[in-house]
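Analysis of the macromolecular model
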Amino acid sequence: MTSNHLPTILDALGHATFVLNRQRRIVLINEIAQERFGKGLVGQDFVRAVRHPECLQAIDDVLHGS
């Protein structure tokens, strides 16, 4: 499977889904997430879409091994 298939796979999921890089920037976003959180989020920090402190902390813990 190549990365070209990833957007199709994400769009097939039934939940809002984001793919983030190590800097917490949005790399990919599926259609459901775009409908709920808005378009134009690719390249932005995840905090632009979701501002829930516990969610952001959980992401930071995963990204930084805490």
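Refer to the structure above for everything that follows.
Residue positions are counted from 1 within each chain, in the order its sequence is given. For a predicted model such as this one, the threshold for reporting local features is a pLDDT of at least 70, and the threshold for listing and counting side-chain atom pairs is 80 or more; totals across whole chains, interfaces and linings nevertheless cover every residue. Each side-chain value is worked out from all heavy atoms of the structure, with water and hydrogens disregarded.

1. Some remarks on the overall build of the chain
Our working rule: Strands are runs of DSSP state E lasting at least 2 residues, helices are runs of H or I lasting at least 4, and numbering of each runs from the N terminus. Only C-alpha atoms enter the radius of gyration; for comparison, a globular chain is expected to reach 2.2 Å times N to the power 0.38, where N is the number of residues. Only protein chains enter the accessibility calculation, which uses a 1.4 Å probe; a residue is then buried when its area is under 20% of its type maximum, exposed when over 50%, and partly exposed in between. Computed by Shrake-Rupley with a 1.4 Å probe, the accessible areas treat only the displayed protein chains as cover when residues are assessed.
Of regular secondary structure, the chain possesses 3 helices and 2 strands. Along the chain, helices (α) and strands (β) appear in the sequence α-β-β-α-α when read from the amino end. Its C-alpha atoms give the chain a radius of gyration of 12 Å, near enough to 11 Å, the size a compact globule of 66 residues would have. Projected onto the principal axes, the alpha-carbon positions of the chain cover approximately 30 × 25 × 20 Å. Among the 66 residues that make up the chain, the fraction classed as buried is 23%. For the chain, the computed accessible surface area is about 4,800 Å², with 53% contributed by carbon and sulfur atoms.

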